Each structure stands twice: as C-alpha cells, then as structure tokens.
2 protein chains.
Amino acid sequence: MNGVQVVGGSNPLAPTIFMSMKTITIGLIGFGTIGKGVVKTLQANKELVETRIGAPIQLKWVADLDITSDRGVKVDPSVLTTDAMQVVNDPDVDVVIELIGGCGVAKHIILSALRNGKSVITANKALLAEHGNEIFSAVQAVNGMIAYEASVCGGIPVIKALREGLVANNIQSMYGIINGTANYILTKMTQDGISYEEALKQAQSLGYAEADPTLDVEGIDAAHKLLILGSLATGAIFEMRDIYIEGIRNITDKDIQYAAEFGYGVKLLGIYKQQAGSVELRVHPTLLPESHLLSSVMDAYNAVFITGDIVGHTMYYGRGAGELPTASAVVADLVDIGRSIANGKGRHNNEFTRDRSSVVVRDMNAIESRYYLRFSVIDIPGVLGQITGVLGKYRISISDVYQKERRKGEFVPLVMITHHAKEQGVRAALNEIDQLDVVKDKTLLIRMED
Amino acid sequence: MNGVQVVGGSNPLAPTIFMSMKTITIGLIGFGTIGKGVVKTLQANKELVETRIGAPIQLKWVADLDITSDRGVKVDPSVLTTDAMQVVNDPDVDVVIELIGGCGVAKHIILSALRNGKSVITANKALLAEHGNEIFSAVQAVNGMIAYEASVCGGIPVIKALREGLVANNIQSMYGIINGTANYILTKMTQDGISYEEALKQAQSLGYAEADPTLDVEGIDAAHKLLILGSLATGAIFEMRDIYIEGIRNITDKDIQYAAEFGYGVKLLGIYKQQAGSVELRVHPTLLPESHLLSSVMDAYNAVFITGDIVGHTMYYGRGAGELPTASAVVADLVDIGRSIANGKGRHNNEFTRDRSSVVVRDMNAIESRYYLRFSVIDIPGVLGQITGVLGKYRISISDVYQKERRKGEFVPLVMITHHAKEQGVRAALNEIDQLDVVKDKTLLIRMED
C-alpha cells in the first residue's frame, strides 16, 4: 500500500487503481498448447487480471526449445528464449509458470525456481503425483508458494473448492470423472452404440486422445489427479502405489447396453472414500445409476462429486483439458499468488499438514461394493446353478440376473448384479468360476456405486 | 510468524503447529438455524479449522434475543448474550459473524462492526442485494474485510469460484437454480405430476418453504442472489430494480407436461448474460432442454452454470440452504479471513472495481428469446390462423405447435414454441391475441434457453 498507480482503462473495466507499485514479473516455461493459452489469456484479459491482482503484470520470458513455430499468438521476440534456466535464474522474475510437463526437466526447473525464491505455478499432475513429497518439502523448506489448480480438471476450480471452499469439512467421499478422453470414449460407446476401438479412433481423430492412449484409457492420468485430490482431502501426500488402477479397455459396447438395462451408465471414476479410520483410493470403470448427476456428464467434460460432513453433496463441472480451460486455471493461480506478492506477504501453503504414515489406505481386497459381473457361459441347463453355487460359497448374493442372448450349447454372456460384497470374496469366487468347464473367457467385473 | 504453538491433536489431524500465536476471536450474532450450524461446525471440526487458519480460534460470543431455548448444541453459558452491540463493541473480537438476516438491525450491526475495525462474515443476501453499495462502501472506507459466501447458494463455493477460480475470465453468462424451494416445487410437479398448490404444501410440510412462500415462489430470493452473482461477474454493484423478476405461481402441471412433450423441463432460473455492451439480469421460469446439465438438478438442490470467455462452461452444484451447508460456507469465510488476520494483513476486497453507471442493463423489452406460449382458445376452425396471423405481424415465427385436448366449441389449451423473437414484439402480440374473442384467459409465456 505504498503507492497508487492509475492506469487508463480502455474498457470494459474502469481505470485501474493499483494498490501496489510492484510489478509482478512472470517467466513462462513451455510454449505448447497450454502455454499458448496462458499468453492469449494474459493478452486478452490483461486489465482484468491486473485489476484483480491489484498490481501490473509483465510477461518477461517465454521459454521453449522451439521458439520459431507460429503459434497464432503474437509475442515480442525479445521475451522468447530457449534457455529455461535463464528464466529461473533471472532475479527480476517473481513467478515461474512451468508448463512443459513430465517429471524430468520440469522437476529441476520447479526446484531451482523455488530455491531462487520464486513462486511457482504448474499444471504438471504427473510430477505432483510422482514427486509430490519432494516438491512440497521444497516449498516448505524455502517458505515459498506453489499453486497447481490446472493440474486437476483443467479449468474447474476444484482444488480451490477443496482447499478453501470446503475447508470446514472432513471430506467423506469424492467421485471424479477426471479423464476427459475416457469419458468421451464411454459417452460415444453409450450414445452411438459403437465399440471401444471405434470410439477411441474418434477420440484420436478429434485430438482428445493421443496416438498412444495408454495414460488416459488405462486410468493412469486419472490416478495422478485422484492422488492430488485425495492428498488435499486428507492433508497427507499419497504415492501412486496407494492407488488401485484399472482402465476402460475391457469394457465392451455390450456391457454398456447391459448396464443400461439395469438403469446404469458406465463411467471411469476416480474414487476417494474416507470411513472407519481408513481411506480408499481407486480408479476403475464404475456403474452409476442413470439418475446420478455424474451420469449426465458427457463427452470430454470432467466433474468431481464431493461430499463433506458439513456441506453434504456438491459437484464441480467443466472442461478438464484444452488450451484455454487450462489457461483459465493457471491465470487464476497467478492472480492468487500475484495478490500475495503485491501485498508483500507469502501465501501459506498449508494444505498438507498430516504425515502420510498417519493415514491407512485400505487394501483393495478389503473394500466392499456391489458388482456387475459378465460371465461367458455355455448355454446348457445347470450353469446358473453352478455359478450361483460358487458365489454363495463366498457369501455373494445376487440382486439381478440378465441373460438376453440364448444359443443352446454355445457360449453366451450372462450378467449378474450382486448385493454388497467384499472384493476379496468376489475375486476368489471369480477365480473359481473361471476354472469351470462351462465358462469360456475371464469374467468381467465392474464395480458399482450409488 | 512470531512464535510456534504446538497443540496435541486428538485426531484425525496430526499435532497442529500454528504459524501465529494470535487467537482469532469470533463474535456470532444470530443463534438461529445457521448460527446453530456454525457453532456445531466449529465444535466438530475445530482442529481442522484451526490448522487451516494456522491459528487458534475462540468463539467468545453468541448473541441472540433468545438465549434460553435448547438448540441441541452445547454452548458455555458465559458466551451467550442478548446484546448484539456488546459483541460489536468488544475490542477482543476480530470477526463478527452476522446471521440474523433482514435489512434492519443486521445492517446496523455490520456497519458498526466495520467501523470498529472488525472483519465481517454474513449470509445476508437480502441486505447485500438491497444495500450492497452502502455495505461495500463502508468496507472500503475502513479498509476492512467482508466475506459472504453463504449469501448465495449456501454451501456451494460459487462466490469463491467467481471471484477467484474464474478470475481470468470475462463471465459471458450464468444460469442459476438459486432457489431450492422453487426447484423442489417444480421437481415434484414434474416427477409426480402434481399441481403447484400440492407441491407447495409438500415443500411447506418439509420445511423447504415458509408459511408465506412469497420470497421464494415469486423469485425475489433468487433475484437477491442473482444480483450478488451478477455484481461479482461484472465488477459493478447492481440494484434490485435492475432485475426483471417473475415467479413460478402461474406454472401449471399441464405446462410441465407440455414442455416435456417438446423435450424440455421447467426451472426457475436466475439468468445473467453479457453481450453487445450490455448485461441481462432476469429471474423467471425457463424451459431448458432435458439434456442440459441443469435439468438434472433436482429437489432443493442449487446449481449455477457459468460460462467464461476462457474456461468455457462450468457448473457448481450443492445444497443452497439449510443449517450445515450454509455453516460450511460461513466457516470457509472464517478460515479465509482468519488466515489474513493470522498473517497480519488485510484481505483486499477488490471484487467491485467498476462504477454501476458504466454498465448498461438491457431493458427486458429488448431481450431476445425463444418462447413457450400457452393459449386458451376455443376449439373451432380458423383459430390457429387468427393467432399465427397476429404473431406473424410481429415477425414471430413458430417452430412447433402442440394441441392435445380437443373439445369442439370449448376452450382448450394450445401450445406453441417460437423461434427467436424480441420480447417487445411477443408482448405486443400477446396483448393483441388476448383481446381476441376466441381466446379466454391471459396467455402464459415461458422463456426458453438452450
């Protein structure tokens, strides 16, 4: 509050009166899709951003190995550099925005920037998930600031909701559609009745899926995000090995049709539950009732359904990826951090106050769920009895059975929905069932949530 | 950061290390439903709240005219007082939480608290909507802090989303289900096919609606909230006269059935749109496609669908009222403000940076929409021609017509859906149509959104 600077506003904002003369100097590292979006946003809404920060901003550096390609956005050539460390070591730079991704150079850049007294903004979920402890320890060691809203669900301010909006709550559960690619594929399979392979091809042709879609369809990207959400909910930083991960590759269009017969849709969910002194962290395809709000989340959209002990159910929805949605979150972080800098104080990163060792992650075998089971059985009398016999032995009771295709003496799908059962028992039962002569392929299991 | 205080944690949190020795002292005024919820939350999750603030808290006062009724929550009798001004004038109190509602005493309390250098938290939407200018001017005059997350949509952190999470965006539109009572009534009418009157009675018996439901069903409460949301989106503080308000009393179960025939549901929406240099602010029943995410928001739940120029579509969902959901928002505000106090600095309320006079609110006559029109016409040949003749004169073109009930020579409903048309023309046409001999009652108009 040392001085007031008036900047003539073109509009729509009135002339900006800055509370601080301090200019917030930004070094952006990574001029790819998101980097481009951030530059566009800072250009398009510069006055808005400066008004909200209460100080002027300057984008001093844009670093990338490729600084010659035309990205459809105008940048003063003098800000371009191929040397990321030049940015990190520039004493003028207040905030380093890391948007190169991955766990190699990005980690070095972030740690160096923190050591150099700079605040850091990152969209790098893989890095936070794989090396969260190291990163957040470094933040604490230098009493620095890091912000990472863009790392989970792109433009949806869900980290802010968890850290601040729902801060009065013990988070009881979170169900997240946190991978847009998988949600797009499952949506197309559901709406158009096409196969997984066809839907994946469409997603690839639209740029929603990479040529190698492993990270998305195997649930790894979703696990990265669930790890961050779960850590925020608990206050302890989890590790990837804490998360059970199962992708969508085994889901067929038939499963989606059968699920619909029971009034359910299939979504890839990241699930966090806290109960009885332990937490569950799991990513897997899930049958959800069609009436559940998450079932209405279509295409590449993301949503997180969060239940707190005080607030009850809440949900946050929006685009989880893409140039501008992700830039929206990066720039929101910039405003948060910029306001702290302009006001001459650090923003206290106090979200992780618990030791990981104080939190028990429930073993997957110990969870309870209802299950959708698709058996591939030979269509002869007595088969149903054999299967329910094994299930009964493991105390798994059936709520519904569905068998549409009948071809006497041939292998046909038989679908069952169970009541609540222990995962361990279900797995043991399926192991036994899959050895039966009357059963052809490995039984498909999809967990259910209500 | 002058000292570190270690408090042994019972659990689930690890021992709390406070960054500040400063105790945040709270004076709560209004021990009704929400006040009770706040006390419960501060008791149940005290350690969590203190950890997130980074400082201990003390609830020093709970003021209410009635301090003898049993509210099912234990409070040390020494904190109870019937004298609100005692709280406001206590030099120990850092934060005054105003939960008495209304525009009389509450306003005096808030203004006095601010003048006494205290931070204020309020859930009072009516006060902020009716006297926002005065309140926010007072905040600015004393360089104070006010927080009001609980004033809109209870536990949903939508004000935080607008102010901070979406801060990089020009907000293009908002569609809000921001009155739980009206949404409950419309949900019951839709799902159970019951009349408005029956649904209202159910809402009243469940405590969702007051004995006098005017504020809710006439759209006034929704307008209060829309005013706050619109002011946040624009940066200028609106007044109630800027908002067009229409309630749900004229919607019949028949209208809901007819709308469903066209694939639409009926919701009471608060609508904000910014385009072509002006904004629209209106509350009215609205036909929304059944596939729209807002159409899946049922019962007393609230949701706000916000579109920004950078982030695209987002939505925020949860309980908009009630003891604990609202307390969740109040306590989130307490943590925000408490952190600022613990860190020895003010949180800059910089959300309203534009002058109201710089913003043009579009006259309702100038808006464009599609319309659902229900005429009450006599069932004789030529009637359709007469009506479409008048509509055509005002350049209103019809996209669909629906007439199910036919009783020759009697008055029956005739429903039309228009293409986009100017409100002014539609009103003029209906004025003319309603004078026709073949038309019995005033034509019902419901605007549509896609």
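Since this is a predicted model, take the numbers as computed values, not measurements.

1. With respect to the overall build of chain A
Next, step 1: Secondary structure summary: chain A contains 14 helices and 20 strands in total.
Next, step 2: Taken against the 2.2 N^0.38 rule, which gives 22 Å for 450 residues, the C-alpha radius of gyration of chain A at 25 Å falls within 12% of a compact globule.
Next, step 3: Along the longest, intermediate and shortest principal axes, the C-alpha atoms of chain A span 85 × 45 × 40 Å.
Next, step 4: For chain A, the proportion of its 450 residues judged to be buried stands at 53%.
Next, step 5: Within chain A, contacts between residues separated by at least 24 positions form 74% of all contacts whose residues are at least 6 apart in sequence.

2. Considering the sheet that holds strand E6 (residues 95-98) of chain B
Residue and element names in this part refer to chain B.
Next, step 1: Pairing is parallel across the open sheet formed by 6 strands, whose spatial order is E5-E4-E3-E6-E7-E8. The outermost strands of the open sheet, each flanked by one partner alone, are strand E5 (80-81) and strand E8 (146-147).
Next, step 2: Where strand E3 (residues 24-29) and strand E4 (residues 57-63) come together, 6 bridges link them in parallel fashion. The residue of E4 that forms the bridge with Gly27 is Trp61.
Next, step 3: Contacting E3, E6 and strand E7 (119-122), helix H4 (residues 105-115) runs over the sheet at an angle of about 170° to E6.
Next, step 4: Across the sheet, helix H12 (residues 323-342) touches E3, E4, E6, E7 and E8, and the angle it forms with E7 is around 170°.

3. Structural notes on the confidence of the model for chain A
Residue and element names in this part refer to chain A.
Next, step 1: Confidence along chain A averages 93 in pLDDT terms, with 95% of residues attaining 70 or more.
Next, step 2: Confidence over residues 1-15 falls short of pLDDT 50; this stretch has 26 contacts with residues more than four positions distant or in other chains.
Next, step 3: Predicted as a complex, the structure gets a pTM of 0.94 and an ipTM equal to 0.94.

4. Re the pairing of strand E7 (residues 119-122) of chain A
All names here are of chain A.
Next, step 1: Burial along E7 is two-sided: the face carrying Ser119 and Ile121 and the face carrying Val120 and Thr122 are both buried.
Next, step 2: Here strand E6 (residues 95-98) runs beside E7; their pairing, made up of 4 bridges, is parallel. In the strand pairing of E7, Ile97 is matched with Ile121.
Next, step 3: Note that the unit made of E6, helix H4 (residues 105-115) and E7 has a crossover that is right-handed.

5. Comments concerning the nonpolar core
Next, step 1: Among the nonpolar cores identified, the biggest contains 292 residues, and A:Val304, A:Val330, B:Val304 and B:Val330 are the most heavily contacted of them.
Next, step 2: Excluding residues that lie within four positions of it along the chain, A:Val330 makes contacts with A:Ile34, A:Val38, A:Ile97, A:Ile121, A:Ala123 and A:Ala150.

6. Here's the deal with the relation of the copies chain B and chain A
Next, step 1: The operation relating chain B to chain A is a screw motion whose rotation component is 180°, with 0.0 Å of axial translation and a residual RMSD of 0.0 Å. As the rotation angle and translation indicate, the two copies are arranged about a two-fold axis. When each C-alpha of chain B is compared by its distance to the rotation axis, B:Tyr316 comes out closest, at 2.4 Å.
Next, step 2: Of the residues that chain B buries at the interface, 100% are likewise interface residues in chain A, meaning the two copies contact each other through the same surface.

7. Remarks on unusual backbone geometry
Next, step 1: At A:Asp299, a position not held by glycine, the phi torsion is positive, near 55°.
Next, step 2: Position of A:Asp299 relative to the elements: it lies in the loop between strand E12 (278-289) and strand E13 (301-308).
Next, step 3: With 15 C-beta atoms counted inside 10 Å, the residue A:Asp299 sits in the partly exposed group.
Next, step 4: Unlike most non-glycine residues, B:Ala276 shows phi in positive territory, near 50°.

8. Things to note about the interface of chain B and chain A
Quite often, the size of an interface is put as the accessible area lost when its parts meet.
Next, step 1: Tallying the contact residues gives 53 residues for chain B and 53 residues for chain A.
Next, step 2: Every element with two or more residues in the side of chain B that touches chain A is listed here: helix H2 (46-53), helix H6 (158-165), strand E14 (312-319) and H12 of chain B.
Next, step 3: Among the elements that take part in the side of chain B that touches chain A, H12(B) stands out by supplying 9 residues, more than any other.
Next, step 4: Its residues placed into classes, the side of chain B that touches chain A shows 23 nonpolar, 21 polar and 9 charged.

How each quantity is defined
Residues numbered from 1 in each chain as written. Chains lettered and ligands numbered in written order. Predicted model: local features only at pLDDT ≥ 70, side-chain atom pairs only at ≥ 80, totals over all residues. Helix = DSSP H or I, 4+ residues; strand = E, 2+ residues; numbered from the N terminus. Rg over C-alpha atoms; globule rule 2.2 N^0.38 Å. Buried ≥ 20, exposed ≤ 12 C-beta atoms within 10 Å, placed from the backbone. Contact = placed C-beta atoms within 7 Å. Pairing = 2+ DSSP bridges. Axes fitted to C-alpha atoms, helices over the stretch in contact; angles between N-to-C directions. pLDDT = per-residue confidence, 0-100. Right-handed = clockwise from strand over helix to strand, strands pointing away. Core = buried A, V, L, I, M, F, W, Y, C linked by C-beta atoms within 7 Å. Least-squares fit on C-alpha atoms with pLDDT ≥ 70 in both. Nonpolar A, V, L, I, M, F, W, Y, C, P; charged D, E, K, R; others polar.

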